[in-house]
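Residues per chain, in single letters:
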Amino acid sequence: MSSAASDVFPPPKDFAAHAAIGSRAAYDELRQVALADPEAFWAARARAGLHWFKPFGKVLDWKPPFAQWFLGGETNASFNCLDRHLTGWRRNKAAIVWEGENFEQRTLTYLELHRRVGQLANALLALGYRAGDRAIIYLPMIPEAAVAMLACARIGVTHSVVFAGFSSEALRTRIEDLGAQLVLTADYGRRRGREVPLKKNVDEALEHCPGVRHAVVYRHTNGPIAMRAGRDLEWAELVASAQPGCPAAHLPSEHPLFVLYTSGTTGKPKGVVHSTAGYLTQVLATMEWVFDLRDEDVYWCTADIGWVTGHSYIIYGPLAAGATTLMYEGAPDWPRPDRFWELIAKYRVNVFYTSPTAIRSFIRQGEAYPAGHDLSSLRLLGSVGEPINPSAWRWYHRVIGHERCPIVDTWWQTETGAILLSPVPGAVAAKPGSATLPLPGIVAEIVDAKGEPVPDGQQGYLVLRKPWPSMLRGLYGDPERYQENYWSRYPGSYFTGDAAHRDADGYYWVLGRVDDVINISGHRLSTMEVESALVRHPQVAEAAAVGRPDELKGQSLVVFCTLKGDAAATPELSEELRAWVAREIAAFARPEEVRMVEALPKTRSGKIMRRLLRELVTTREVKGDTTTLEDYAVLLKLSVEGKDEEEILGKN
Ligand code: 7RM
């Protein structure tokens, strides 16, 4: 499938002229070098990119599916993000520029950030926390979130950030799975003028988590909270009595820097484990290749630190690179729909990285909002989280980038740690809707069900043939699930769970998930997780959740429920169930629609035919009654009695 010439956007000449990689030839050469000897390639990046307390020996130990990188080496992520920048002029450079939802402003230089991280790290050491312990971070988008992550990293405490939009129930399951001893939180967060009761959620979760010894609480809004003596500690008091200088622990390369929970195909979220040295090496390399970062840049990634994008491209990547990273606390449309454009103009943002869902909502609001602000500082635009539709790409290019800024459509996952497919903006021509080419050192392929490469233009599954430094090291406490989820379908290759095709120019077009994971506004959600939440409701007997294409959010959630005995299918119950899911999981998981039905279509082996329901919500409107659904199911059952869903409908 080749594209018309008008669909190709070559790197703008003046962008390429000043870019680190400024031509396709230079880029092909780099990819060639990586391909010829990946281990030597990554070893050189690791040596040049990171500070090592002790140099590594063996580059890669690969016993599929378990990889270890840079063995024998000792380093520290917090040291690489902070201390390295203190010896030269960068010590007084802004590390974090923060703006609160209520327009409050704070700037932390590298020196100041280093001081605060050291204080908190010393306070945690004084409480007895050591390398190998686990901490949950449940904080809003405030600089303290970065301080907390870097303080944990400094002493080798593995952190797990839980998105502040998650419920107390979601928080509890993560604390329990991780066996965390420590929680770092705040009184409240701010969201669209409301105060989100974070500490209250922590209190509820901790009723079931006796293993947590301390909750350290930062006063952000100063709203009322309960403090439990002996367990809860005031952040301010703790750091006031702590020494500022805290030496960074010399940690082995493979030390687990963080665990981040993400949705899988079952009801239980997966704890994706990331390493220290491999993770940081590749995240840092992609800051250069993809964002073409310069020291004088103001860089803004609009993600939340609760997602992997926030970890890699608000905190670890930019800070390891010595960049100025902008952090904004609130919603894009608060108090007005032009908040993002106002921030870009105010802080003279050069590199802007956001999601297709955000872009589509801007399109809906109209061009007057961005037109009212000076966006001339922008040099480069990025997109992440879901496929970007070509029309949204063009709008982004024209209305935000003024046809001057290249766009990097970056494909990656929580599991991959860093961007793997993306144009290199000074070297690779973009095509709207394509993440273009694999970055250096990445061997991607599109295969059929048997693992054979498919011809160009044909749809298949995206797999990765070689290990990469920032790949996940496993799922916390569950090596079998790690093996099963990612490595069992094509032994020796990593299965991404995404469908894709490659065009005649070798460009990759990622189409979306092929499993029971849906993507709502770039947030990954397991349909099983929603179903488990629904069947916890006293009136629900069975539930099936599916995604429906949504113009704004990419996908929206539709759920089918059967009710228990005497429960009546009323609009009130439907509303209650929507609110229930939002409370049990998170607001983004609130179903768009609840359908109460008399039966769910099932295979003879009893599996709910989600694919059938998916087709139903996609291709035709389901009316208020249940007959359509039942008839559809019965018809299908009659014609294919005895076969399983996969056989009937093909596994995508
Ligand atoms: C970074 C992140 C991962 C899933 C992934 C895809 C989808 C992400 C793109 C994309 C097409 C993109 N991590 N996805 N980026 N699809 N083009 N540029 O999103 O773990 O939360 O989600 O998101 O399906 O497998 S994630």
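Caption draft 1: The arrangement of the overall build of the chain in detail. Looking only at helices and strands, the chain features 21 helices and 30 strands. The C-alpha atoms of the chain give 24 Å as radius of gyration, which agrees with the globular expectation for 652 residues (26 Å, within 12%). Viewed in the frame of its principal axes, the chain has a C-alpha envelope of about 75 × 65 × 55 Å. Taking as baseline every contact in the chain between residues at least 6 positions apart, the subset at least 24 positions apart corresponds to 72%. In the form shown here, the chain has an accessible surface area of approximately 24,300 Å², with 52% of it arising from carbon and sulfur atoms.

Caption draft 2: Just the nonpolar core, in detail. Ranked by size, the top nonpolar core spans 172 residues in total, and within it Leu-113, Ile-175, Trp-235, Phe-291, Tyr-313 and Tyr-316 carry the most contacts. Ignoring sequence-local partners within four residues, the contact set of Phe-291 consists of Thr-286, Tyr-299, Tyr-313, Val-351, Tyr-353, Arg-379, Leu-380, Val-408 and Ile-419. Within the second largest apolar cluster, 29 residues are counted, among which are Ala-94, Leu-378, Trp-395 and Val-399.

Caption draft 3: Representation of the site of the ligand. In the vicinity of the ligand, 17 residues are found, and the nearest of them are Asp-409, Thr-410, Thr-414, Asp-498 and Arg-524. Contacts to the ligand include Thr-410, whose backbone N or O atom sits 2.8 Å from a nitrogen atom. Listing elements by their share of the shell around the ligand, those giving two or more residues are helix 11 (308–320), strand 20 (407–410) and strand 25 (508–513). Here the residues of the shell around the ligand sort into six nonpolar, six polar and five charged.

Caption draft 4: Highlighting helix 7 (residues 168–178). All buried positions along helix 7 are accounted for by Ser-168, Ala-170, Leu-171, Arg-172, Arg-174, Ile-175 and Leu-178. Positive backbone phi, approximately 60°, marks Gly-179, located one or two places after helix 7.

Caption draft 5: Looking closely at the packing of helix 10 (residues 277–291) against helix 11. Running from N to C, helix 10 and helix 11 cross one another at 90°; their axes reach a closest spacing of 9 Å. Comparing their axes, helix 11 and helix 10 come out roughly perpendicular. Along its contact with helix 10, which presents Tyr-279, Leu-280, Val-283, Leu-284, Thr-286, Met-287 and Phe-291, the element helix 11 presents His-311, Ser-312, Tyr-313, Tyr-316, Gly-317, Pro-318 and Ala-320. Within the contact of helix 10 with helix 11, the residues separate by chemical class into ten nonpolar, four polar and no charged.

Caption draft 6: Quick look at the sheet that holds strand 5 (residues 105–109). Read from one edge to the other, the open sheet built from seven strands follows the order 5-4-17-16-18-19-20, with strand pairing classed as mixed. Edge positions in the sheet fall to strand 5 and strand 20, since each of these pairs with one other strand and no more. Adjacent strand axes in the sheet meet at a mean angle of 20°, parallel and antiparallel pairs treated alike. Judged from the five bridges that link them, strand 4 (residues 94–99) and strand 5 form a sheet pairing that is antiparallel. Counterpart to Glu-99 in the pairing with strand 5 is Gln-105. The sheet strands contacting helix 5 (residues 110–126) are strand 4 and strand 5, and the helix crosses strand 5 at an angle near 90°.

Caption draft 7: Broad picture of the sheet that holds strand 21 (residues 444–447). Strands sit in the order 21-22-24-25 across an open sheet of four strands; the sheet is antiparallel. Both outer strands of the open sheet, strand 21 and strand 25, are each paired with one neighbouring strand and no more. Across the sheet, the mean angle separating the axes of adjacent strands is 45° when strand polarity is ignored. As paired elements, strand 24 (residues 494–502) and strand 25 share five bridges and run antiparallel to each other. Considered in strand 25, the bridge of Asp-498 is made with Arg-513.

Caption draft 8: Examining the pairing of strand 19 (residues 380–384) more closely. Taking burial as the measure, the five residues of strand 19 include five buried ones, the bulk of the element. Side chains of strand 19 alternate between two faces, with Leu-380, Gly-382 and Val-384 and Leu-381 and Ser-383 buried alike. Where strand 18 (residues 351–354) and strand 19 come together, four bridges link them in parallel fashion. Counterpart to Thr-354 in the pairing with strand 19 is Ser-383.

Caption draft 9: Quick look at the packing of helix 17 (residues 527–535) against helix 18 (residues 571–584). Where helix 17 contacts helix 18, the axes come no closer than 9 Å and their chain directions differ by 115°. Crossing of helix 17 against helix 18: the hand is right-handed. Residues Val-530, Ala-533 and Leu-534 of helix 17 form the contact with helix 18, whose participating residues are Leu-577, Trp-580, Val-581 and Glu-584. Its residues assigned to classes, the contact of helix 17 with helix 18 comprises six nonpolar, no polar and one charged.

Caption draft 10: Highlighting the pattern of salt bridges. Taken as a whole and assessed by the stated rule, the structure comprises 44 salt bridges. Between Arg-339 and Glu-342 there is a salt bridge, and its shortest N-O distance comes to 3.5 Å. Pair noted here: Arg-339 and Glu-342 are both in helix 12 (residues 339–347), with a separation of three residues, about one helical turn. Taking the relative accessible area as the measure of exposure, Arg-339 reaches 1% and is therefore buried. Arg-614 is the salt-bridge partner of Asp-516, the closest N and O atoms lying 3.6 Å from each other.

Caption draft 11: Local environment of the packing of aromatic side chains. The tally for this structure, following the rule as stated, stands at 41 aromatic pairs. Between Phe-53 and Phe-79, the ring centres sit 5.1 Å apart and the planes meet at 70°, which makes this aromatic pair edge-to-face. Of the two residues, Phe-53 sits in the loop between helix 3 (38–49) and strand 1 (60–63) while Phe-79 sits in helix 4 (residues 77–81), which places them 26 residues apart along the sequence. Taking the relative accessible area as the measure of exposure, Phe-53 reaches 23% and is therefore partly exposed. The class for Phe-79 is buried, based on a relative accessible area of 17%. On the numbers, 6.0 Å between centres and 85° between planes, the contact of Tyr-313 with Tyr-353 is edge-to-face. Of this pair, Tyr-313 sits in helix 11 while Tyr-353 is found in strand 18, placing the two residues 40 residues apart along the sequence. Considered together, Tyr-313 and Tyr-353 belong to a single accessibility category, that of buried residues. Grouping aromatic residues by their ring pairs yields a cluster made of Trp-62, Phe-66, Trp-468, Tyr-482, Tyr-486, Trp-487 and Tyr-494. Above the plane of the ring of Tyr-507 lies Lys-431, whose end atom (NZ or CZ) is 4.5 Å from the centre. If you follow Arg-489 out to its NZ or CZ, it ends over the ring of Tyr-461, 4.8 Å from the centre.

Caption draft 12: Focus on the environment of Ser-422. Inspection of the secondary structure assignment puts Ser-422 in the loop between strand 20 and strand 21. Sequence spacing of Ser-422 and Asp-409 is 13 residues, and the spatial spacing of their C-alpha atoms is 5.7 Å. Excluding its chain neighbours within four sequence positions, the residues that come into contact with Ser-422 are Val-290, Val-408, Asp-409, Thr-410, Ala-435, Thr-436, Leu-437 and Leu-439.

Analysis parameters
- Residues numbered from 1 in each chain as written.
- Predicted model: local features only at pLDDT ≥ 70, side-chain atom pairs only at ≥ 80, totals over all residues.
- Heavy atoms only, no water.
- Helix = DSSP H or I, 4+ residues; strand = E, 2+ residues; numbered from the N terminus.
- Rg over C-alpha atoms; globule rule 2.2 N^0.38 Å.
- Contact = heavy atoms within 4.5 Å.
- Areas by Shrake-Rupley, 256 points an atom, 1.4 Å probe, with all protein chains shown as cover.
- Core = buried A, V, L, I, M, F, W, Y, C linked by side-chain atoms within 4.5 Å.
- Buried < 20%, exposed > 50% of the residue type's maximum accessible area, 1.4 Å probe, protein only.
- Near = heavy atom within 4 Å.
- Polar contact = N/O pair within 3.5 Å; in protein donor to acceptor, adjacent residues only side chain to side chain.
- Nonpolar A, V, L, I, M, F, W, Y, C, P; charged D, E, K, R; others polar.
- Axes fitted to C-alpha atoms, helices over the stretch in contact; angles between N-to-C directions.
- Parallel < 35°, antiparallel > 145°, perpendicular 65-115°, else oblique.
- Pairing = 2+ DSSP bridges.
- Left-handed = near helix turned anticlockwise from the far one by under 90°.
- Salt bridge = Lys/Arg side-chain N within 4 Å of Asp/Glu carboxyl O.
- Phe/Tyr/Trp six-rings, centres within 6.5 Å; stacked < 30°, edge-to-face > 60°.
- Lys NZ or Arg CZ within 6 Å of the ring centre and 35° of its normal.

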